[in-house]
Structures are given as C-alpha cells and as structure tokens.
Protein chains: 2
Amino acid sequence: MATINSDTRTRDADRTRQAILHAAQQIFAEKGFAEAGIRDITARAGVNQSLVSRYFGGKLKLFEAALEAALDPRLMTDLPKEDFGKRIVARFADERAGRISPLPIMFGAASDSEARAIAAHLLRDRVFEPLKTWFDGETAAVKAARFMIVSLGFFAYRDQLPLAEFAGAVDPGLRQWLETEFQAIVDE
Amino acid sequence: MATINSDTRTRDADRTRQAILHAAQQIFAEKGFAEAGIRDITARAGVNQSLVSRYFGGKLKLFEAALEAALDPRLMTDLPKEDFGKRIVARFADERAGRISPLPIMFGAASDSEARAIAAHLLRDRVFEPLKTWFDGETAAVKAARFMIVSLGFFAYRDQLPLAEFAGAVDPGLRQWLETEFQAIVDE
DNA sequence: GACACAAGTAAACGGTCGTTTACATATGAA
DNA sequence: TTCATATGTAAACGACCGTTTACTTGTGTC
C-alpha cells in the first residue's frame, strides 16, 4: 500500500511510464521516428533502456502511445463556427507552452512504413472521421479533406521545410489567407 | 574509343550510373530515404553495392542526385496563367507514365535530418524561388507560400496518409476545390 | 527481520546498414 | 600481343539499434 507521501518513493512504475511517454513525445517530435533511439528517449527520461520493451512492448508501441497521448480529438471540433478561422490558426501558429503538437510526431513518422501506418490510422480515427461528422451536409467529406490538406500543408511548409528566411514565423499576409481559408470551410 | 555499336559492351560506366540513379528514384519514392537500402537500389539496377560509393560518393549524395534529376523547375512556371488551376491539378492528379514525381521522394526524406535538409534546399532553389519570381506583385511571397501549402498538403493527404477509402483517388468535389484554389493564387 | 515480488540496471545478442578493401576481368591503346 | 587502367564483384569491417537476458535492489507484507 502507498504511504501518505508516495512521492518519496524512489521506484514508481506509473511515474516511470509517464516519464518515458513524455520523453518519447519530445524526441519523436524533434528527431523523427527513425532517428529517435530508445537510448535517447530513456536517457532523457532518466531510466534504463530496457523499460521501453517492458512497459510498452517495443519502440513501435511506444510511438503509438506517444502519438495517441498527443492527439486531442477535440482540437478542432470544440471551436465555435464563428471565428473558426482565426481561432484555428491561432492554435496552429501560436505555440502553447507544455503542449506537444501531434503534427511533428506524425511528419517524423513519414519515412518509416510501420510508424506511418500507425500515424495514418490514428489520424483518421481521431481527427479525420470526427471532422467529417462535425461538418454539415453532403460535402462534409470534401470539407474534411480541405481541412486536412491546408493543415498538413501548413505544417509541412512551416516546420519541415525551411523555405522561408525564418522558419517557424508566419507572414501576416499568409496568416490572413489561412484564416479565410479555414473560415470558408465551415461557412460554405 | 567507343565501337560503332557501343551497346554491345558489357561495361559502361555512364549506363551503370544512370541505372543506379533511376533505381534510386524509384526506391526512394517507394520506401523513403531511411528504408531504402543501398542493396535494394543496386539490386534493382543490377549492379554491385559498392558502386554507389564509387560513382556518387555515398547514399546521401545519391539521394541528392536522384531528387535533383526528378525535379523539373519548369513544372509550374511554364503553364499559362489562364486555366492554371485545371492544368496544375491535372499534372498533380493524373499520373504520367515514366515520369517520377519528386514529391514522394521529398516526403520520404522527412524523418532523416540530413536528407530532409537536402530536400528542403533543393525545393527552395528549384521550386519556391522560381515561383516567387514568376508570381507578380508584392504578394508574390505569400502566393508562393500558398502554392506550396496546398501542393504539399495535397500530396500528404493523398499519398502519405490513407485517410480516404481509396488512397490515390481524388474526389470530384475536392478536385474542383483544388482547381479554384490554384487559379485564385494566380488571379488575385 | 525475512521473504516474495515488483522495479530497475548493465551488458550482451543478433541483425542491418553504409562503407571500404582486396581482388577479378573487360577494355582499348601502344 | 601486351599491359595499364577503368569497371565490376565479393566479402569483410565497424558501427548502430532494438531487444532480450541475467542480475541487483528497493518495497510492502507477514
């Protein structure tokens, strides 16, 4: 049984598991699935490398758990349809401290076939399908596709390819176009 | 000196080099940079694995050469601005036999930092910067960014993520939106 | 305190990969 | 024909990675 102050314990499986999961989210987002090593992740978590296999069943299962924990299915669909464009761009463009965006994790899995399959499956079930039901009318599938295309393209443009002079920054004109683009999806 | 029918030669460095390059384009596009092995590429080319290092200087240099050979800088900017939307979507959506699109190669490099840097550099110099000079006015940079976002997002949506029931197919309604979207970039 | 088990660690295993090395052979000029 | 060299091959090298194994140590219970 746990003591009153269980924080004093030097061994805590749940805490270790969470530390691995959090470190995995960070390193998968930073380095991509292929370049993120078990030893990188467990070193940041401050634990032994073998615990990934013990607690998660392997690197691929850890990736799935890390991505799923980063996915918030209500990320878009809890927004009001008024000001949807401004609000969704604000969520995308402005980093929120402590919050790990799932998009870098997903893009980092692009070149590994197994990780990509997991990422695609999660994205479909947790984002794409909820979006389709959230949008109205018979064009809901096209609207969801438009949302995915602009979102994925924006992250690929901003984060994956240092095309602009300052990667990560968003030009005001581009930001305005993004806002009207997202707003048009819910208005039409 | 070459004989009259040099095709009878069993050794031809140029032909071998081209065979490696062509096989590399295919396999980098199919499996991504990380999962594409030197042995895969040289096996398809029908030559020995060591020739990659001898002729190209290594896997990374081979990737750069393969991507550069697949990039056609006039892919967009030789189109007339009338019917630009329909024409560019036709180029993207309808596969052309024998032609290897550079975008699968680029996405396949997403999770390898070195390959991604090469891909980003080539995309900027050969596509993004020409696009900026091709677009008119002071909003050329924003227009080029819009073009990249929609293009990258479309390929990520269609080819990288099997979100729709039939990956690779393009819904007519989505296609129409893509056409108006691209047309708007050149019209505004 | 003694014990059973959970929690954590260190080290080795087996495999893959890019690259290099040592060697064989076709080529074309002298 | 001879021979230097370009071309191609087979095999080994060295490193890295995910995983597993054997072992140690802390924890809670009796």
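All figures in this text were calculated on a predicted structure; none of them were measured in a lab.

**Some remarks on the overall build of chain A**
For step 1, the next point in the chain: Helices and strands together make up the secondary structure of chain A, namely 10 helices and zero strands.
For step 2, the next point in the chain: Counting across all 188 residues of chain A, residues that qualify as buried make up 46%.
For step 3, the next point in the chain: Long-range contacts, defined here as pairs at least 24 residues apart, represent 66% of the contacts in chain A between residues at least 6 apart.
For step 4, the next point in the chain: Summed over all atoms, the accessible surface of chain A reaches about 9,400 Å², with 49% contributed by carbon and sulfur.

**Some words on the interface of chain A and chain B**
For step 1, the next point in the chain: In this complex, chain A contributes 37 residues to the contact, which on the side of chain B involves 37 residues.
For step 2, the next point in the chain: Roughly 3,300 Å² is buried in total at the junction of chain A and chain B, and carbon and sulfur atoms are behind 67% of that figure.
For step 3, the next point in the chain: The interface formed by chain A and chain B holds three residue pairs in polar contact (both at pLDDT 80 or more) in total.
For step 4, the next point in the chain: Of all the elements in the fold, those that place two or more residues in the side of chain A that touches chain B are α1 (13-35), α7 (102-108), α8 (113-134), α9 (140-160) and α10 (172-187) of chain A.
For step 5, the next point in the chain: It is α9(A) that provides the largest number of residues to the side of chain A that touches chain B, a total of 12 residues.

**Section: the protein's contact with DNA strand D**
For step 1, the next point in the chain: Not every one of the 25 residues close to DNA strand D is listed here, only the nearest: R11(A), K59(A), R11(B), T16(B) and Y55(B).
For step 2, the next point in the chain: Each atom of DNA strand D within 4 Å of the protein was classed as base or backbone; sugar and phosphate made up 55%.
For step 3, the next point in the chain: Measuring from a base oxygen of DNA strand D, one finds a side-chain N or O atom of S50(B) at 3.5 Å.
For step 4, the next point in the chain: Of all the elements in the fold, those that place two or more residues in the surface near DNA strand D are α2 (38-45) and α3 (50-56) of chain A together with α1 (13-35) and α3 (50-56) of chain B.

**Structural notes on the environment of G32(A)**
For step 1, the next point in the chain: On the secondary structure map, G32(A) appears in helix α1.
For step 2, the next point in the chain: For the pair G32(A) and G108(A), spaced 76 residues apart in the sequence, the C-alpha separation amounts to 3.7 Å.

**Considerations on the environment of D187(B)**
For step 1, the next point in the chain: Residue position: D187(B) is located in helix α10 (residues 172-187).
For step 2, the next point in the chain: In this structure the C-alpha to C-alpha distance between D187(B) and G85(B), which are 102 residues apart in sequence, comes to 10.0 Å.

**Quick word on the packing of α1(A) against helix α4 (residues 59-70) of chain A**
All names here are of chain A.
For step 1, the next point in the chain: With their axes 9 Å apart at the nearest point, α1 and α4 run at an angle of 100° to one another. Considering the angle they form, α1 stands roughly perpendicular to α4. Of α4, the residues touching α1 (which contributes I20, L21, A24, Q25, F28, F33 and A34) are K59, L60, L62, F63, A65, A66, A69 and A70.
For step 2, the next point in the chain: In the contact of α1 with α4, the residues fall into 13 nonpolar, one polar and one charged.

**What to know about the relation of the copies chain A and chain B**
For step 1, the next point in the chain: With an RMSD of 0.1 Å, the fit of chain A onto chain B corresponds to turning through 180° and sliding 0.0 Å along the axis. Those values place the two copies in the arrangement expected of a two-fold rotation axis. In terms of proximity to the rotation axis, the leading residue of chain A is G153(A), whose C-alpha is 1.8 Å off the axis.
For step 2, the next point in the chain: Interface overlap between copies is the fraction of interface residues in one copy that are interface residues in the other; for chain A against chain B it reaches 100%, indicating a shared surface.

**Regarding the packing of α9(A) against α10(A)**
All names here are of chain A.
For step 1, the next point in the chain: Viewed as axis vectors pointing N to C, α9 and α10 meet at an angle of 160°, and their least axial separation amounts to 9 Å. Taken together, the axes of α9 and α10 lie roughly antiparallel to each other. Crossing of α9 against α10: the hand is left-handed. Residues K143, R146, F147, V150, S151, F154 and Y157 of α9 pack against L174, L178, E181, F182, A184, I185 and V186 of α10.

**Some details on the side chain of K143(B)**
For step 1, the next point in the chain: Position of K143(B) relative to the elements: it lies in helix α9 (residues 140-160).
For step 2, the next point in the chain: Excluding residues within four positions of it along the chain, K143(B) makes contact with F135(B), D136(B), I185(B), V186(B) and E188(B).

**Examining the pattern of salt bridges**
All names here are of chain A.
For step 1, the next point in the chain: According to the stated counting rule, one finds 18 salt bridges over all chains in the structure shown.
For step 2, the next point in the chain: One salt bridge connects R158 with D159, and the closest N-O pair in it is separated by 3.0 Å.
For step 3, the next point in the chain: One network of salt bridges, in which partners are shared, links K86, R175 and E179.

**Let's talk about helix α2 (residues 38-45) of chain B**
Residues and elements named next belong to chain B.
For step 1, the next point in the chain: Listed in full, the buried residues belonging to α2 are I41, T42 and A45. Along the axis of α2, the buried residues cluster in a sector spanning 90°; they form a single face. Exposed and oriented more than 90 degrees from the buried face of α2 are R39 and A43.
For step 2, the next point in the chain: Looking at the buried residues of α2, the elements they touch are α1, α3 and α4 (59-70).
For step 3, the next point in the chain: Positioned one or two residues after α2, G46 has a phi angle of 75°, which is positive.

**Considerations on unusual backbone geometry**
All names here are of chain A.
For step 1, the next point in the chain: Of note, D83 is a non-glycine position whose phi angle comes to about 60°, a positive value.
For step 2, the next point in the chain: With respect to the helices and strands, D83 occurs in the loop between α5 (74-77) and α6 (84-93).
For step 3, the next point in the chain: Residue class for D83 comes out partly exposed when judged on its relative accessible area of 43%.

**Here we look at the side chain of Q25(A)**
Residues and elements named next belong to chain A.
For step 1, the next point in the chain: Here Q25 shows up in helix α1.
For step 2, the next point in the chain: On the basis of relative accessible area, Q25 is assigned to the buried category, the value being 8%.
For step 3, the next point in the chain: With residues up to four places along the chain from it excluded, the contact list for Q25 reads A66, A69, A70, I100 and I105.

Conventions we followed
Residues numbered from 1 in each chain as written. Chains lettered and ligands numbered in written order. Predicted model: local features only at pLDDT ≥ 70, side-chain atom pairs only at ≥ 80, totals over all residues. Heavy atoms only, no water. Helix = DSSP H or I, 4+ residues; strand = E, 2+ residues; numbered from the N terminus. Buried < 20%, exposed > 50% of the residue type's maximum accessible area, 1.4 Å probe, protein only. Contact = heavy atoms within 4.5 Å. Areas by Shrake-Rupley, 256 points an atom, 1.4 Å probe, with all protein chains shown as cover. Buried area = accessible area lost by both parts, 1.4 Å probe. Polar contact = N/O pair within 3.5 Å; in protein donor to acceptor, adjacent residues only side chain to side chain. Near = heavy atom within 4 Å. Axes fitted to C-alpha atoms, helices over the stretch in contact; angles between N-to-C directions. Parallel < 35°, antiparallel > 145°, perpendicular 65-115°, else oblique. Nonpolar A, V, L, I, M, F, W, Y, C, P; charged D, E, K, R; others polar. Least-squares fit on C-alpha atoms with pLDDT ≥ 70 in both. Left-handed = near helix turned anticlockwise from the far one by under 90°. Salt bridge = Lys/Arg side-chain N within 4 Å of Asp/Glu carboxyl O. Arc of directions from axis to C-beta.

Fair warning: the whole summary comes from geometry, so function is off the table for now.
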